[in-house]
Amino acid sequence: MVRKYQHKVFAIISRYVHNHAEAQDVAQDTFLRAYSGLAEFRAAAEFYTWVYRIALNLALNSRRRNARRR
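We now turn to the structure provided with this report.

Conventions we followed
Residues numbered from 1 in each chain as written. Predicted model: local features only at pLDDT ≥ 70, side-chain atom pairs only at ≥ 80, totals over all residues. Heavy atoms only, no water. Phe/Tyr/Trp six-rings, centres within 6.5 Å; stacked < 30°, edge-to-face > 60°. Helix = DSSP H or I, 4+ residues; strand = E, 2+ residues; numbered from the N terminus. Buried < 20%, exposed > 50% of the residue type's maximum accessible area, 1.4 Å probe, protein only. Lys NZ or Arg CZ within 6 Å of the ring centre and 35° of its normal. Contact = heavy atoms within 4.5 Å. Axes fitted to C-alpha atoms, helices over the stretch in contact; angles between N-to-C directions. Parallel < 35°, antiparallel > 145°, perpendicular 65-115°, else oblique. Left-handed = near helix turned anticlockwise from the far one by under 90°. Core = buried A, V, L, I, M, F, W, Y, C linked by side-chain atoms within 4.5 Å.

### Some points on the packing of aromatic side chains
Each aromatic ring pair is described using two quantities: the centre-to-centre distance and the angle formed by the ring planes.
Then, number 1: Tallied over the entire structure, the rule returns 6 aromatic pairs.
Then, number 2: Where Y5 meets F47, the ring centres are 5.7 Å apart and the plane angle is 45°; that geometry is what we call tilted. Linking Y5 in helix α1 (residues 2-16) with F47 in helix α3 (residues 47-69), this pair joins segments that are 42 residues apart in sequence. Note on accessibility: Y5 and F47 belong to one class, buried.
Then, number 3: Judged by centre distance (5.4 Å) and plane angle (80°), the ring pair of F41 and F47 falls under edge-to-face.
Then, number 4: Three or more aromatic residues joined by ring pairs form one cluster here, namely Y5, F41, F47, Y48, W50 and Y52.
Then, number 5: If you follow K8 out to its NZ or CZ, it ends over the ring of Y48, 4.9 Å from the centre.

Structure below.
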């Protein structure tokens, strides 16, 4: 799962999180959440679409957190 999608997921996250180290953390968190939520995955959906949404939501949350800190 990670090998197949890691570059795509990191690219999505990098659009919203401009700090490289933080983007890596968000990407890692994305795959941890996807792995722990596999039981909730509906096979009717594409797997990448599901992982994409997890990555996007986490990236946006990270961006909001950083905006509040400033």
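Next comes the rest of the write-up.
### Quick look at the environment of F31
Then, number 1: By secondary structure assignment, the location of F31 is in helix α2 (residues 20-36).
Then, number 2: Separated by 20 residues in the primary sequence, F31 and V51 have C-alpha atoms spaced 7.7 Å apart.
Then, number 3: In this structure, F31 is in contact with M1, V2, Y5, Q6, V9 and V51, ignoring residues within four places of it in sequence.

### Things to note about the packing of α2 against α3
Then, number 1: It is at 9 Å that the axes of α2 and α3 come closest, and there the two elements cross at 140°. Regarding the angle of α2 to α3, the classification is oblique. Once α2 is placed against α3, the crossing between them reads as right-handed. Residues E22, V26, D29, T30, F31, R33 and A34 of α2 lie in contact with α3, whose contacting residues are W50, V51, I54, A55, L58, A59, S62 and N66.

### What about the nonpolar core?
Then, number 1: Formed by 15 residues in total, the largest nonpolar core has its most connected members in Y5, V9, I13, V17, F31 and V51.
Then, number 2: Looking at this core, the elements with two or more residues in it are α1, α2 and α3.
Then, number 3: Here the element with the most residues in this core is α3; it accounts for 6 residues.
Then, number 4: Discounting residues that sit within four places of it in the chain, V17 has contacts with E22, A23, A59 and S62.

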